[in-house]
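If you want the building blocks of each chain, they are given just below.
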Amino acid sequence: MEIKNIIENGCFDLHLHTTASDGSFPPSEVVKMAAQKGITTIAITDHDTTDGINEALEAGRKLKITVIPGIELSTKYKGRTIDILGYHIHESKELSDVLQKMRDHRYNRSQLIVNKFCELGMTITSEDVQKYSKGDVIARPHIAKAVVDRGYAKNTQEVFDLYLGDGKPCAVDKMVLSPEEGIRLIHNAGGTAVLAHPLLIQDDSIVEELMQLSFDGIEVWHRKHRNEDIIKYKSLAKKYKKLITGGSDFHNEDHTIGEFGFEF
């Protein structure tokens, strides 16, 4: 089903994460949770991996839910993190090779981050982190959980605020793709490239510049977008003739599948 038809028909959530990256629930469980909410179309969009898609597709067939194979690619532009959602991704050697390089870099990066925490007197180990990483992708939230588990912080948000956020003492940069490279990888894999949660870029002049690239769409609805943001990004989508999408950016029990705001 085309993205446009999904939006018009409703009952969708096009931004969901699983244990294949930094989500708390396995792909099949995320599909089941969506079904329990009455959602009929979802997209599995794990960070820099497609590993959870086959499990989700199988669960979708059993529960009669349309599961769109997707991804959320990490890129950088003018020092800002730019996440790109890819929908209807097909197998691609080029994409697989890049994702493997990104996985290898994430693993090495996680070791560097663990070492930084140890240097600050917060002793955590790779084994502590791997308890929270259910897939091949080791991400910062897994490290944050290990820090909390060891009693060095009250919650994961505190870990990010004090240590893991960009520019903080334990931060280490990801492998960097440009938005153009990310869009090209998605297009070459037969997919649709959508700019994720533009509000989180925190600079609408950069969002406008990005809309002049070959993005197919922009994520207008997101759980962190206020009503005025939704209206603003819908207008931007109209200006640049882009598709509009939306999703909860679901990761864990603090988020709600299918709830991500509409104009009122």
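Structure: above.
Computed from a prediction, not measured in an experiment: that's the story for all the values here.

Caption draft 1: Looking closely at the overall build of the protein. Per the secondary structure count, the protein includes 10 helices and 7 strands. Computed over the C-alpha atoms, the radius of gyration of the protein is 18 Å, within 12% of the 18 Å expected from 2.2 N^0.38 for a compact globule of 264 residues. A principal-axis box enclosing the C-alpha atoms of the protein has dimensions of 55 × 45 × 40 Å. A total of 264 residues make up the protein; the buried ones form 50% of that total. Accessible surface, the protein: about 12,200 Å² in total, of which carbon and sulfur atoms supply 49%. The positive charge centre, built from 33 side chains, and the negative charge centre, built from 40, are 1 Å apart in the protein.

Caption draft 2: Quick peek at the state of the cysteines. This structure, assessed with the given rule, holds 0 disulfides. Here C170 is not cross-linked by a disulfide; its sulfur's nearest cysteine counterpart is in C118, at 9.3 Å. Classification of C170 by relative accessible area gives buried; the value is 0%.

Caption draft 3: Region of the structure containing helix 4 (residues 93–119). Given a rise of 1.5 Å per residue, 27 residues ought to cover 39 Å, and the 39 Å separating the end C-alpha atoms of helix 4 matches this to within 8%. Those residues of helix 4 that fall on the buried side of the exposure criterion are L95, V98, L99, M102, R103, R106, R109, S110, I113, V114 and F117. Where the residues of helix 4 are buried, they touch strand 3 (66–77), helix 5 (126–130), helix 6 (140–149), helix 7 (156–164) and helix 8 (179–188).

Caption draft 4: Inspection of helix 7 at higher detail. Among all positions of helix 7, only V159, F160, Y163 and L164 are buried. All buried residues of helix 7 fall inside an arc of 110° around its axis, so they share one side. Packed against the buried residues of helix 7 are helix 4 and helix 6. N-cap assignment for helix 7: the residue whose side-chain oxygen lies 3.2 Å from the backbone N of Q157 is N155.

Caption draft 5: How the structure looks around unusual backbone geometry. For K78, which is not glycine, the phi torsion reads 50° and is therefore positive. On the secondary structure map, K78 appears in the loop between strand 3 and strand 4 (80–87). In this structure K78 comes out as exposed when scored by relative accessible area, which is 58%. A positive phi angle is found at D249, which is not glycine, with a value near 60°. By the element assignment, D249 lies in the segment after strand 7 (243–247). Using a relative accessible area of 6% as the deciding quantity, one classes D249 as buried.

Caption draft 6: Representation of the sheet that holds strand 2 (residues 41–44) within the structure. Taken in spatial order, the 7 strands line up as 1-2-3-4-5-6-7 in an open sheet, and their pairing is mixed. Strands at the two margins of the open sheet, each flanked by one partner only, are strand 1 (12–16) and strand 7. With direction set aside, neighbouring strand axes in the sheet form an average angle of 35°. On the sheet, helix 10 (residues 227–239) packs against strand 6 (217–222) and strand 7 and is oriented at approximately 165° with respect to strand 6.

Rules behind the numbers
Note on numbering: residues in each chain are counted from 1, in written sequence order. Totals for whole chains, interfaces and linings use all residues, but because this is a predicted model, local features are given only for residues with pLDDT of at least 70 and pairs of side-chain atoms are given and counted only at 80 or more. The side-chain numbers reported here are obtained from all heavy atoms of the structure, hydrogens and water having been left aside. Each helix is a run of H or I in the DSSP string that is no shorter than four residues. Each strand is a run of E no shorter than two, and both are numbered from the N terminus. Both definitions apply: the radius of gyration is a C-alpha atom measure, and the globule rule equals 2.2 Å times residues to the power 0.38. When a residue's accessible area, from a 1.4 Å probe over protein chains only, is under 20% of the maximum for its type it is buried; when over 50% it is exposed; and in between it is partly exposed. Residue burial considers only the protein chains on display, and all accessible areas are found by Shrake-Rupley using a 1.4 Å probe. When charges are counted, Lys and Arg are positive and Asp and Glu negative, with His and the chain ends excluded. Lysine's charge is taken at NZ, arginine's at CZ, aspartate's at CG and glutamate's at CD. Two cysteine sulfurs form a disulfide in these notes if their separation is within 2.5 Å. Here a helix's expected span is defined as the number of its residues, less one, multiplied by 1.5 Å. Any two residues having at least one pair of non-hydrogen atoms within 4.5 Å are treated as being in contact. Arc, as used here, means the arc of the directions from the helix axis to the C-beta atoms. Identification of polar contacts relies on pairs of N or O atoms within 3.5 Å, with a donor-acceptor requirement for protein atoms, meaning one able to donate a hydrogen and the other able to accept it, and with residues adjacent in sequence counted only if both atoms are side-chain atoms. Strand pairing is defined by DSSP finding a minimum of two bridges between the two strands. Axis lines are fitted to C-alpha atoms, over the contacting stretch for helices. Their N-to-C directions set the angle, which ranges from 0 to 180 degrees.

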